[in-house]
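Summary of the model geometry
Residue-level listing of the chains:
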Amino acid sequence: MNKYIKLAAVALGALALGACTEDKINDIDVADLPTVSQYADNFVITVDQATNTANFEFNGVGVYPVWIIDGKSYSSQYSFSRFYRKAGEYKVEVKVGNANGISLGAVEKVFTIDKTQMTGFGGFNYEYEHNLWRPATKKAPTFFYAPGWSQIADPAYSFDGDAYTVTLPEATTDQWQAQMHIGTDICLAEGNHYDGSVIFTSNVDIKSATLKIHPDGDDDDAHSFFPAEKITLTAGEPRCFWFSDLPAAVDMNNVVFTLDFGGNPAGAEIIIENVVLKDHQYDDGTVLPELLGEPVWVDAQSADNLWHGLNPTIGFYYAPGWAQIPDPELTVDGESYSIVLPAATTDQWQAQMFMASTLSLPDSDSAGYDFCVSFDSNIDIPGVTVKLTAGDSDDNFFFAERVAVTGGVTKKFWIADVKSPSPMPDVKLVLDFGGNADGTEVTISNIILQKHHD
């Protein structure tokens with residue numbers, strides 16, 4: 001994909017020539033500037049309609065190209081490509097430059113994308129009158145970009161009024177190392193339920209992209225954000241992240257859309273578009289996709305349950321206010337586990353429980369796995385995190401989901417046909433009850449990991 005750059009100072013100065021009437025400026029003769037019309041045929045744009053990719057090429061001697069994308073994004077590359085998800089006619093201004101500056105005039109190039117590309121569900125209606133995002137005031141994004149947790153310069157980004165494009169030149173390894181924060185004046189009301197969707201397109205595979213919607217100034221309290229889930233992005237394939245009928249546990253003023261692409265490879269370019277956030281009571285006519293039906297589960301005590309008989313090693317990280325205290329009281333009854341959390345926590349990951357096994361699974365090709373676990377709590381827990389990972393790396397995982405548990409009601413969490421692109425040695429189940437109240441007692445039972453069958 002193309003790398004956008006700001007015009008160099010000399011280039012910007014040359015662009016300003018168009019507003020001047022003098023034949024010479026700073027001893028540069030206007031006659032020495034290149035004439036773009038002479039090079040119009042040297043700019044060639046071809047479109048691969050199968051992939052919605054526009055290819056930009058320039059061939060010229062003694063001059064360099066200036067591509068003006070969307071009226072404000074610049075590139076001086078001789079050859080690059082750009083993905084366009086939506087069908088339509090697109091225009092690009094082109095200029096040429098030489099040692100004396102950039103041509104006074106410009107030539108307009110036009111190309112067409114035949115079809116809107118979208119695999120699967122395309123999200124809620126962006127144009128709907130109750131989409132809170134469209135009329136909202138959007139602040140300029142801020143970033144925390146820290147490969148290896150060492151912060152570097154903010155990534156380049158562009159915004160065309162509808163879509164953001166962000167370029168991450170350096171690779172990161174962990175979640176939250178490539179954060180992008182978009183502040184708004186959107187306010188959500190406690191008790192109301194909301195729908196939302198965002199379309200992401202990446203030029204490279206990104207195993208873990210996160211969207212977290214939270215009030216300005218508070219992204220830690222487990223009661224004050226949603227949905228904080230991860231999705232996987234496949235190179236060149238638009239992916240819609242969506243949620244429906246999610247309640248706001250508190251008033252959420254001036255909500256911030258926090259995005260994270262931690263774990264990205266170098267040179268990642270991500271398009272973020274078609275953002276929708278609306279009150280669930282307003283029906284925009286969107287037909288939600290049929291969710292994958294719950295699988296038929298094997299007997300929890302059978303050999304077909306890959307988790308059965310593993311006798312995992314249990315560990316904890318219990319740290320209200322991020323100050324670690326003694327581990328919770330644990331009672332084991334066969335393959336059922338009960339814990340007591342005497343002190344409240346406020347944030348995700350402050351009440352972690354680890355179940356480390358010796359089970360190793362190969363990488364998934366066509367076959368995936370189904371997983372389920374049940375929770376019984378005496379008190380509401382706003383968000384229980386369920387994450388199935390490799391024992392040697394929390395970044396190599398099948399899934400990382402968050403569910404609410406209601407006190408006195410059994411909550412069965414399940415997920416079907418999950419796959420991993422790499423082997424999973426010593427599978428580990430990570431649970432987190434961060435945001436729990438004082439005196440929370442929770443039982444974890446009915447853990448089943450099975451091979452998926454259609």
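Above: the structure in question.
A brief report on the enclosed structure follows.

Scoring rules and cut-offs
- Residues numbered from 1 in each chain as written.
- Predicted model: local features only at pLDDT ≥ 70, side-chain atom pairs only at ≥ 80, totals over all residues.
- Heavy atoms only, no water.
- Helix = DSSP H or I, 4+ residues; strand = E, 2+ residues; numbered from the N terminus.
- Buried < 20%, exposed > 50% of the residue type's maximum accessible area, 1.4 Å probe, protein only.
- Pairing = 2+ DSSP bridges.
- Axes fitted to C-alpha atoms, helices over the stretch in contact; angles between N-to-C directions.
- Core = buried A, V, L, I, M, F, W, Y, C linked by side-chain atoms within 4.5 Å.
- Contact = heavy atoms within 4.5 Å.
- Polar contact = N/O pair within 3.5 Å; in protein donor to acceptor, adjacent residues only side chain to side chain.
- Salt bridge = Lys/Arg side-chain N within 4 Å of Asp/Glu carboxyl O.
- Phe/Tyr/Trp six-rings, centres within 6.5 Å; stacked < 30°, edge-to-face > 60°.
- Lys NZ or Arg CZ within 6 Å of the ring centre and 35° of its normal.

What follows deals with the side chain of His 214. One can find His 214 in strand β16 (residues 206-214). Given a relative accessible area of 5%, His 214 falls into the buried group.

Before going further, it helps to examine the sheet that holds strand β24 (residues 351-356). Spatially, the 5 strands line up as an open sheet ordered β21-β24-β29-β26-β27, and their pairing is antiparallel. The sheet is open, and its two edges are formed by β21 (313-318) and β27 (393-405), each paired on a single side. Ignoring which end each strand starts from, the neighbouring axes of this sheet average 20 degrees apart. Sheet analysis places strand β26 (residues 381-390) next to strand β29 (residues 428-432), joined by 5 bridges and oriented antiparallel. In the strand pairing of β29, Lys 387 is matched with Val 430.

Below, the discussion takes up unusual backbone geometry. Only a minority of non-glycine residues have a phi that is not negative, and only a minority of peptide bonds are not trans. Non-glycine residue Asn 274 carries a positive phi angle of around 50 degrees. Tracing the chain through its elements places Asn 274 in strand β20 (residues 268-279). Of note, Trp 349 is a non-glycine position whose phi angle comes to about 80 degrees, a positive value. As for its placement among the helices and strands, Trp 349 is situated in the loop between β23 (336-341) and β24. A residue is classified by how much of its surface remains accessible, and Trp 349, at 21% relative accessible area, is partly exposed.

Turning to the nonpolar core, a few remarks are in order. Phe 200, Phe 257, Phe 261, Ile 270 and Ile 272 are the most contacted members of the largest nonpolar core, which totals 39 residues. It is β20 that provides the largest number of residues to this core, a total of 6 residues. Among residues more than four places away in sequence, those in contact with Phe 200 are Ile 231, Leu 233, Glu 237, Pro 238, Arg 239, Phe 241, Leu 259, Phe 261, Ile 270, Ile 271 and Ile 272. One finds Leu 361, Phe 375, Phe 399 and Val 442 within the second-largest nonpolar core, a separate group that totals 37 residues.

Its location among the elements puts Asn 305 in the loop between β20 and β21. For Asn 305, a relative accessible area of 1% translates into the label buried. A polar contact is formed between the side chain of Asn 305 and the backbone oxygen of Ala 300, at a distance of 2.8 Å. Among the polar contacts listed, one links the side chain of Asn 305 to the backbone nitrogen of Leu 449, at a separation of 2.9 Å. Beyond its immediate stretch of four places on either side in the chain, Asn 305 contacts Val 298, Asp 299, Ala 300, Ile 447, Ile 448 and Leu 449.

Our focus in this paragraph is the environment of Val 430. By the element assignment, Val 430 lies in strand β29. Judged by relative accessible area, Val 430 falls into the buried class, the value being 4%. For Val 430 and Gln 352, which are 78 residues apart along the polypeptide, the C-alpha to C-alpha distance reads 7.0 Å. In this structure, Val 430 is in contact with Trp 349, Gln 352, Met 353, Phe 354, Thr 385, Val 386, Lys 387 and Thr 389, ignoring residues within four places of it in sequence.

As a further point, take the environment of Val 275. Along the chain, Val 275 turns up in strand β20. Residue Val 275 is classed as buried on the basis of its relative accessible area of 4%. Each C-alpha atom, one on Val 275 and one on Leu 132, is 9.3 Å from the other, the two residues being 143 residues apart in sequence. The contact partners of Val 275, leaving out residues within four places of it in the chain, are Tyr 126, Asn 131, Trp 133, Ser 197, Val 198 and Phe 257.

Any two side chains of opposite charge can pair, so long as their charged atoms come close to each other. Scanning the model with the defined rule gives 6 salt bridges in all. Between Glu 127 and Arg 134 there is a salt bridge, and its shortest N-O distance comes to 3.4 Å. A relative accessible area of 51% means that Glu 127 is categorised as exposed. Taking the relative accessible area as the measure of exposure, Arg 134 reaches 38% and is therefore partly exposed.

Right, let's talk about the packing of aromatic side chains for a bit. If you walk through the whole model with that rule in mind, you get 21 aromatic pairs. With 4.7 Å between their ring centres and 15 degrees between their planes, Phe 56 and Phe 80 make a pair best called stacked. Note that Phe 56 is positioned in strand β4 (residues 53-58) and Phe 80 in strand β7 (residues 79-83), a separation of 24 residues in sequence. With respect to burial, Phe 56 and Phe 80 carry one shared label: buried. Ring plane angle 75 degrees and centroid distance 6.2 Å describe the contact between Phe 200 and Phe 261, whose orientation is recorded as edge-to-face. Taken as a pair, Phe 200 in strand β15 (residues 193-202) and Phe 261 in the loop between β19 (256-260) and β20 lie far apart in primary sequence, 61 residues in all. Connected via pairs of aromatic rings, a cluster forms that spans Phe 43, Phe 56, Phe 58, Trp 67, Tyr 78, Phe 80, Tyr 84, Tyr 90 and Phe 111. Here the basic side chain of Lys 207 rests over the ring of Phe 397, its NZ or CZ set 5.3 Å away from the ring centre. Directly above the ring of Phe 397 sits Lys 387, whose terminal nitrogen or CZ lies 5.0 Å from the centroid.

On to the sheet that holds β23, then. Pairing is antiparallel in the open sheet, where 5 strands are placed in the order β22-β23-β30-β25-β28. Edge strands, defined here as strands with exactly one partner in the open sheet, are β22 (329-333) and β28 (411-418). Each neighbouring strand pair of the sheet contributes to a mean axis angle of 20 degrees, computed without reference to strand direction. Where strand β25 (residues 369-377) lies against strand β30 (residues 440-451), 8 bridges are found, and the strand directions are antiparallel. Directly across from Phe 371, in β30, lies its bridge partner Leu 449.

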